[in-house]
Amino acid sequence: MKPQDIRNIAIIAHVDHGKTTLVDAMLKQSRIFRENQQVAERVMDSNDLERERGITILSKNTAITYNGVKINIVDTPGHADFGGEVERVMNMVDGVLLLVDSVEGPMPQTKFVLRHALQRGHKVIVVVNKIDRPNARPDYVVNTTFDLFVDLGASEEQADFPVIYTSALTGVSGLEPDQMTDNLVPLFDSILETLPAPQVEQEGPLQLQATLMGYDDYKGKIVIGRLNSGTIQKNQNVLRIDREGNQHSLKVAQVFTHQGLQRVEVEKAVAGDIVALTGLGDVGIGDTITDPENPQPLPPIKVEEPTLRVT
Ligand code: GDP
């Protein structure tokens, strides 16, 4: 796989606007497209899907393949309480889908995350969902979204966003509300065409920033990040540079990438992909994992202590 064949995206959505439904529809359809190409693949029934859905809570990331391109979808916290995490997720992705309900339009909580995405310079595709709703008002929603972009200081290029209309529930999409296709091809095509591939160095020395953390009772801390440069493989010797600049020589135990809703162990991952690694000891958010022969430390990142949400 080459970096050009990867898209790392985040979906920004207000709760209930249909993010889960859309990701499910994308997963199902990308599987169907692939099955048409490779007959060998097993059709997943809804039970499998349910089982996989359980795993998403742990993995939080999803990956689909469309036309030979792997689209990593990184979960984005929708709340301002997770400010630090939002910023970090925005550093891992190269583009964003802003999903808005065709009746409600953008909501205050989406504004906060969108601001980070725009500040980071990301291109945004606006997805107007639930277009099947009888009281849908797509023109109003697109205009309100445009005003929001302007308010948030979007560049001219960012404000010139493509719009895709969807009904995630039925898995249809279109470039205009009255020109819907019976699939999500217009959305998939827009992701491949509009959002850039990761700008990374395939040949360079290993460099990855521990961006998100997971924990497994058996494997210990799991580091999630985007491979900025180089490749990484099982049992590779790496150097971990922590926030204080201390260096730790370690060996990567396992390398995982994402496929569907699952984490899959791989021998090797390439620059641009989002990986999960085990065996890196007491690693912290912001640590750099790099090549011991040619260390490339990254500047430490801001890590906010989580604030307690009173509900
Ligand atoms: P999330 O909170 O953003 O993940 O939203 P969900 O995907 O859970 O969807 C919230 C509700 O909206 C559910 O009842 C969905 O069935 C419904 N929904 C999602 N997409 C659509 C759509 O395109 N049209 C309609 N009518 N309902 C939808």
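This write-up is about the structure you can find in this document. Treat the numbers as computed from the prediction; the structure is a model and nothing was measured.

### A look at the overall build of the chain
Within the chain, the secondary structure is distributed over 7 helices and 19 strands. Expressed as a percentage of the 311 residues in the chain, the buried residues total 52%. Of the roughly 14,900 Å² that the chain leaves accessible, carbon and sulfur atoms contribute 48%.

### Structural notes on the environment of Pro299
In this structure, Pro299 sits in the segment after strand S19 (288-290). For Pro299, a relative accessible area of 59% corresponds to the exposed category.

### Quick look at the pairing of strand S4 (residues 95-101)
The buried fraction of S4 amounts to 7 of the 7 residues, a majority that puts the element mostly inside the structure. Bridge count between strand S1 (residues 6-13) and S4: 5 bridges; the pairing is parallel. Within the sheet, the bridge partner assigned to Ala10 lies in S4 and is Val96. In this sheet, strand S5 (residues 123-129) lies alongside S4 in parallel orientation, the contact comprising 7 bridges. Looking at S5, one finds that Val96 is bridged to Val124. Once the chain exits S4 it traverses helix H4 (residues 108-119) before rejoining the sheet at S5, and the crossover so formed is right-handed.

### With respect to the sheet that holds strand S2 (residues 61-66)
Strand order in this open sheet of 8 strands is S2-S3-S1-S4-S5-S6-S7-S8, and the pairing throughout is mixed. On the outer flanks of this sheet lie S2 and strand S8 (180-181), each paired with one strand and no other. In this sheet, strand S3 (residues 69-74) lies alongside S2 in antiparallel orientation, the contact comprising 6 bridges. Bridge pairing in S3 places Ala63 opposite Asn72. Strands in contact with H4 are S1, S4 and S5; relative to S1, the strand with the most contacts, it is inclined by about 150°.

### A few points about the site of the ligand
Within the structure, the ligand sits among 15 residues, and Asp16, Lys19, Thr20, Thr21 and Asp132 are positioned closest to it. The separation between a nitrogen atom of the ligand and a polar side-chain atom of Asp132 is 2.7 Å. The contact in question runs from an oxygen atom of the ligand to an N or O atom on the backbone of Leu169, over 3.4 Å. Contact with the protein chains covers 72% of the free accessible surface of the ligand, which is 580 Å². In terms of residues, the shell around the ligand owes the most to one element, helix H1 (residues 19-37), which gives 3 residues. Residue composition of the shell around the ligand, grouped by class: 3 nonpolar, 7 polar and 5 charged.

### Brief notes about the nonpolar core
Counting 35 residues, the largest nonpolar core has Met90, Leu114, Val126, Val128 and Phe149 as the members making the most contacts within it. Counting 26 residues, the second largest nonpolar core, distinct from the first, contains Ile9, Ala13, Ile71 and Phe188.

### Concerning H4
End to end, H4 covers 17 Å across 12 residues, agreeing with the expected 16 Å (1.5 Å per residue, within 8%). All of the buried residues in H4 are Thr110, Val113, Leu114, His116, Ala117 and Leu118. The first or second residue beyond H4 is Gly121, which carries a positive phi of 85°.

Reading guide: rules and limits
- Within every chain, residues take consecutive numbers counted from 1 along the sequence as written.
- Predicted model: local features are reported for residues with pLDDT of at least 70 only, side-chain atom pairs are reported and counted for 80 or more only, and whole-chain, interface and lining totals are derived from all residues.
- Only hydrogens and water are removed before side-chain values are computed, so all heavy atoms of the structure are retained for them.
- Helix and strand definitions follow DSSP, with helices as H or I runs of at least four residues and strands as E runs of at least two, each counted in order from the N terminus.
- Buried residues are those whose accessible area, probed at 1.4 Å on protein chains only, stays under 20% of the maximum for their type, while exposed residues exceed 50% and partly exposed ones sit between those limits.
- In short, Shrake-Rupley with a 1.4 Å probe defines the accessible areas, and a residue's cover is counted only from the protein chains shown.
- We call two strands paired when DSSP finds no fewer than two bridges between them.
- We call a crossover right-handed when, viewed with the strands running away from us, the connection from the first strand over the helix to the second turns clockwise.
- The contact criterion used is simple: two residues touch if any of their non-hydrogen atoms lie within 4.5 Å.
- Lines fitted to C-alpha atoms define the axes, with helix axes restricted to the stretch in contact, and inter-axis angles between N-to-C directions lie between 0 and 180 degrees.
- Any residue with a non-hydrogen atom lying within 4 Å of a molecule or strand is treated as near it.
- Identification of polar contacts relies on pairs of N or O atoms within 3.5 Å, with a donor-acceptor requirement for protein atoms, meaning one able to donate a hydrogen and the other able to accept it, and with residues adjacent in sequence counted only if both atoms are side-chain atoms.
- We call Asp, Glu, Lys and Arg charged. Ala, Val, Leu, Ile, Met, Phe, Trp, Tyr, Cys and Pro are nonpolar, and the rest, Gly among them, are polar.
- The criterion is simple. A nonpolar core is a set of buried Ala, Val, Leu, Ile, Met, Phe, Trp, Tyr and Cys residues joined through side-chain atoms within 4.5 Å.
- Each residue after the first adds 1.5 Å to the expected span of a helix.

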